[in-house]
Amino acid sequence: MEEVDKILIHALKQVGTEVSEDIDSVKQFTSELIVEAVVRCIRVIEPGLGSSLPTSLPPGMSARFRVGMSLAQACQDIGYKGEIGYQTFLYSNEPEIRSLLMFLVERLPRASAEASDQPTGKSAVLQRHIAAAIKTQLAVPWLPPNCRLPLHCEMQSVGSLHSFHTQHLSLPHCSKGKKQLKEVRDYQRDILPPVTSQLSHQASVVASILEQHTAELSAAQEWEHEWNSQGLLSRLTPQEYRSKKLTRLRKRIEEQLRSAAQTSPESAFGVPTSTSDLSELLQTFRGSAPSDHILTKGTHFTHTQKFTFTQETAAAPSAIPIGRQSEGDVQLQQQEELASLQQQIQQLCTNIDQIAADMKHMTVTNAQVLDELKQQELGNSENTEKLQVKKKTIDLLPDADNNLLKLQAVVEASAKRVVNLASQWEKHRAPLIEEHRRLKEICSSQDLESSRKLSEIKSLHEKIHMSTEEAKKKEEIYKQLVTELENLPHDASRSAYTQRILEIVGNIKKQKEEITKVLSDTKEVQKEINNLTGKLDRTFAVTDELVFKDAKKDESVRKSYKYLAALHENCNQLIQTIEDTGTILREIRDLEEQIETENSNKTVANLERILDDYKAIRQENSALAAKIREG
Amino acid sequence: MVDFLNKLPDAECLGFCHRVVDGLCGRELPCRSDYSDTWALHEWLELLNSLTHLFQLAVGNNISDKEVMARLSSIRSGHAEAVLSVLRARQTEIRHALLDRTNSISSATLQDFEWQLKLALASDKISSLHTPLLSLSLDVREKGALRPTTIEMSREELNTLISSLEAANKVVLQLK
């Protein structure tokens, strides 16, 4: 029982019951302690049910009775099948309390079962830690600044809050295979400051480093994903794939920009309106260098602007020397001059516009004229060819027959030659075509092979990925379990329990053996008894017969027969008496045991307590009645 | 003008140039007070401008070393060597900085962001609210000036924001 009590007390302590150190068995539990333990268990098992129950007994007797009743009801609601009532708590009885507490402790939710249900993995562990930290911080009450202890200052003061601002960091990267320039190495060795001193604010170090790492990590992951999904299928080396993608993207951006430039020619950047060349457009974006430096090629707009502004600045100084006349005259003159100048400017502007329009018109017509010229030239060359052919035929006309014959011969010869050439061509062609077909077949077979291998590679990649992930997961689970194992309480050691259980099992086995031994002994004894009684019966019967036979003849023998019968009867009676004594002794022992158990139930003490409590209730009742009467 | 670099002693030139590149890459520029004895204010500004411009031009247009040396012909040979070595050492970094700038050509770009989770316990109408609120602060660079923007969102609003951002990301992925 000691072990059971220890386990029970340990479990109750975990639930939150305050069991003092010197109590180490259920026998020592007081009523208050029992009530507290039961209520705490019920609160854990079913919070809704337990929240209405008090953890300590009230002073008034009738109130105590009510608490006992409600506790018994709650236990029955949870599912306790044993006998239970207010007396279980108020007038405690060791075995009953033990069975009730065992039932409640068994019903307690297992912490370990809960832990195994929770998701595993590094992030889950981290999230759990965060949740626990937040929970503890929420549990701490808010205090005004003057009352804060150092512990609170850490969490509640505003000074410890930093905004998460990042700055760019410069980190040396060691890449295998690639040889670094000497200058780069010198820079990294001599001048590059450590990461912690690269930033202007010490507070943003962590943020910057985290940011840098996430950026690099996500870039690497994205590239790996893309390469596995698309890059492998394209059958290119990584560099080729990259360059191909670069050109594709460039093209796309070019298209986008061009379309954007066409739809909004008057863009906000002051971009040249007639941007036909993209590089020119891009040049304006490159760096923050002043765009005038790069825009060497002026546009129509800038030219007009420049022109008008220089006109104005040139006109301004001419107004200065004409001063020192009367002010009205001067003003008038100036106004007139201004008007005339403005007129001039307008005229010039219109002139320029006109000229520009003319120029445009001229360029267009020029292009048209050039086109026409080309066409004319083409026609000319055709005509001259025709003319030459005709000239030759006219030259040949006088000696027509001869020339006709010659011509026919030439035609025949050329026809023969054509046939000859065709046959030769066929001769060459056939093997070439065959070769071509063969090569084609080889190519297709290689294609098939390569695609098969590609799919194999892909599946291998997937497998590798899966197994690495699995390995990672398992490792994490292992780590987590190890930490959990370390965190487990060591006071209830499992091995000790199992050892004890094994010991108990061994004891039980030994006892069983002894019991069987005793049983076989009794059986043997029984057998012997049966044997002896049989023998006795038989002997008696034989003797009886012999003596009875002789008794008919002899008087003295008749007497002896009578004695024999009396002896037999007496012996039988004796045996009966002995058996009766045995049963009575057994009964006595049973009764003694019963008395002991009743004694252990503290019946007398409990009865006295019940009597006391009854008196108390009566007193309370009379007091209440008196109060009512007074009231 | 790069000529002002001649006023600096040889030993300090390398470090100074590296710090100019640091400034170009988004970290701190060299401090003027450290060099106030060497240059007057306008000289200082002009020197910084011209050096930055030189670095940008050299990396952005892939100018060869010879051309760079030609541009640096007006300063002492030791200094020119130092500038060239700085250029070689930091080429990739400058390139990345320039690419970043090109990436943010739109009128407003997101520079940085921060979030805070708040738990509203009560309001003036409701005594017990217990609603989590997310305050998201965005640092938006608009025409060169940093403009902080702060948004406070409830759970549903945050969900809509996240889903719309995901949709935008999908569009970007399609562009690739």
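Reading guide: rules and limits
Residues numbered from 1 in each chain as written. Chains lettered and ligands numbered in written order. Predicted model: local features only at pLDDT ≥ 70, side-chain atom pairs only at ≥ 80, totals over all residues. UniProt positions renumbered as here; feature names shortened; annotations may be inferred. Helix = DSSP H or I, 4+ residues; strand = E, 2+ residues; numbered from the N terminus. Contact = placed C-beta atoms within 7 Å. Buried ≥ 20, exposed ≤ 12 C-beta atoms within 10 Å, placed from the backbone. Pairing = 2+ DSSP bridges. Axes fitted to C-alpha atoms, helices over the stretch in contact; angles between N-to-C directions. Core = buried A, V, L, I, M, F, W, Y, C linked by C-beta atoms within 7 Å. Parallel < 35°, antiparallel > 145°, perpendicular 65-115°, else oblique. Nonpolar A, V, L, I, M, F, W, Y, C, P; charged D, E, K, R; others polar. Expected span 1.5 Å × (residues − 1). pLDDT = per-residue confidence, 0-100. Left-handed = near helix turned anticlockwise from the far one by under 90°.

As recorded in an unreviewed UniProt entry, chain B goes by the name COMM domain-containing protein 8, listed as coming from Parambassis ranga.

An unreviewed UniProt entry annotates chain A as Coiled-coil domain-containing protein 22 originating from Parambassis ranga. Comment text from UniProt for chain A, heading Sequence similarities (unreviewed entry), reads "Belongs to the CCDC22 family."

A. Looking closely at the overall build of chain A. Scanning chain A from N- to C-terminus turns up 20 helices and 0 strands. Taking the contacts inside chain A whose residues are at least 6 apart along the sequence as the reference set, 50% of them involve residues at least 24 apart.

B. How the structure looks around the overall build of chain B. Across its full length, chain B carries 6 helices and 3 strands. Starting at the N terminus, the α and β elements of chain B follow one another as α-α-α-α-α-β-β-β-α. Here chain B holds 176 residues, and the buried ones make up 15% of them. Considering only intrachain contacts with a sequence separation of at least 6, the fraction spanning at least 24 residues in chain B is 55%.

C. Highlighting the sheet that holds strand S3 (residues 145–153) of chain B. All names here are of chain B. The strand order S1-S2-S3 describes an open sheet built from 3 strands, whose pairing is antiparallel. Looking at strand neighbours, the two that pair on one side only are strand S1 (108–120) and S3, the edges of this open sheet. Put simply, the sheet's adjacent strands are angled 15° from each other on average, direction ignored. Both S1 and strand S2 (residues 131–142) contribute to a ladder of 12 bridges, which runs antiparallel. Each bridged residue has a counterpart across the sheet, and for Lys118 the counterpart in S2 is Leu133.

D. Structural view of the nonpolar core. One finds Ile34, Val35, Ala37, Val38, Leu71 and Leu101 of chain A to be the most contacted residues of the largest nonpolar core, which totals 27 residues. Within the residue set of this core, elements represented by two or more residues are helix H1 (2–15), helix H2 (31–45), helix H4 (61–78), helix H5 (86–90) and helix H6 (94–107) of chain A. Ranked by the residues each element gives to this core, the list is headed by H2 of chain A, at 8 residues. With 24 residues, the next largest nonpolar core counts Phe16, Leu24, Phe55 and Leu87 of chain B among its residues.

E. The arrangement of the packing of helix H2 (residues 41–60) of chain B against helix H5 (residues 91–103) of chain B in detail. Residues and elements named next belong to chain B. Put simply, H2 and H5 touch, their axes get as near as 10 Å, and they point 90° apart. Overall, the two elements H2 and H5 adopt an arrangement that is roughly perpendicular. Counting all contacts with H2, which are made through Phe55, Gln56, Val59 and Gly60, the residues of H5 involved are Gln91, Ile94, Arg95 and Leu98. In terms of residue class, the contact of H2 with H5 is built from 4 nonpolar, 3 polar and 1 charged.

F. Broad picture of unusual backbone geometry. Residues and elements named next belong to chain B. With a phi close to 55°, Asn62 is a non-glycine residue in the positive phi region. With respect to the helices and strands, the residue Asn62 is situated in the loop between H2 and helix H3 (65–71). Located in the positive-phi region is His130, a residue other than glycine, with phi close to 50°. Among the secondary structure elements, His130 is positioned in the loop between S1 and S2.

G. Inspection of the interface of chain B and chain A at higher detail. At the interface, 20 residues of chain B touch 20 residues of chain A. When contributions to the side of chain B that touches chain A are tallied by element, the ones reaching two or more residues are helix H1 (10–24), H2, helix H4 (77–89), H5 and S1 of chain B. Across the side of chain B that touches chain A, the residue classes break down as 5 nonpolar, 8 polar and 7 charged.

H. Examining the UniProt feature "coiled-coil region" (unreviewed entry) in chain A more closely. Residue and element names in this part refer to chain A. According to UniProt, the positions carrying the feature "coiled-coil region" (unreviewed entry) are residues 331–358 and 588–627. Structurally, residues 331–358 is divided into 100% helix and 0% strand, and its ends, taken at the C-alpha atoms, are 39 Å apart. Split by type, residues 588–627 is 95% helix and 0% strand. Its first and last C-alpha atoms lie 55 Å apart.

I. Spotlight on helix H12 (residues 238–263) of chain A. Between its first and last C-alpha, H12 of chain A extends 37 Å over 26 residues, near the 38 Å set by a 1.5 Å rise per residue. Here H12 of chain A lies mainly on the outside; 0 of its 26 residues are buried.

J. Inspection of the confidence of the model for chain A at higher detail. Residues and elements named next belong to chain A. Across chain A, pLDDT averages 81, with 84% of residues at or above 70. Confidence drops under a pLDDT of 50 for residues 266–276, and excluding neighbours within four residues, the segment shows 13 contacts in the predicted structure. The low-confidence segment residues 310–323, where pLDDT is below 50, has 7 contacts with residues more than four positions distant or belonging to other chains.

K. A look at the pairing of S3 of chain B. All names here are of chain B. Within S3, only 0 of the 9 residues are buried, leaving the element largely exposed. Bridge analysis of S2 against S3 gives 9 bridges, and the strand direction is antiparallel. Across the sheet, Ser137 pairs through a bridge with Thr150, a residue of S3. Hairpin connection between S2 and S3: a loop of 2 residues separates the two successive antiparallel strands, and Lys143 in this loop has a positive phi of roughly 50°.

L. View of the confidence of the model for chain B. All names here are of chain B. Chain-level pLDDT for chain B is 85 on average; 99% of the residues reach the 70-or-more range. Across chain B, element-level confidence peaks in helix H6 (residues 155–175) with a mean pLDDT of 91 and bottoms out in H3 with 82. Both scores are given for the predicted complex: the pTM is 0.45, the ipTM 0.80.

M. Highlighting the packing of helix H18 (residues 494–553) of chain A against helix H19 (residues 555–600) of chain A. Residues and elements named next belong to chain A. For the pair H18 and H19, the least separation of the axes is 8 Å and the interaxial angle reads 155°. By the angle class used here, H18 and H19 are roughly antiparallel. The handedness of the crossing between H18 and H19 is left-handed. For the pair H18 and H19, the contacting residues are Phe540, Thr543, Asp544, Val547, Phe548, Asp550 and Ala551 in the first and Val557, Arg558, Ser560, Tyr561, Leu564 and His568 in the second. Residue composition of the contact of H18 with H19, by class: 7 nonpolar, 3 polar and 3 charged.

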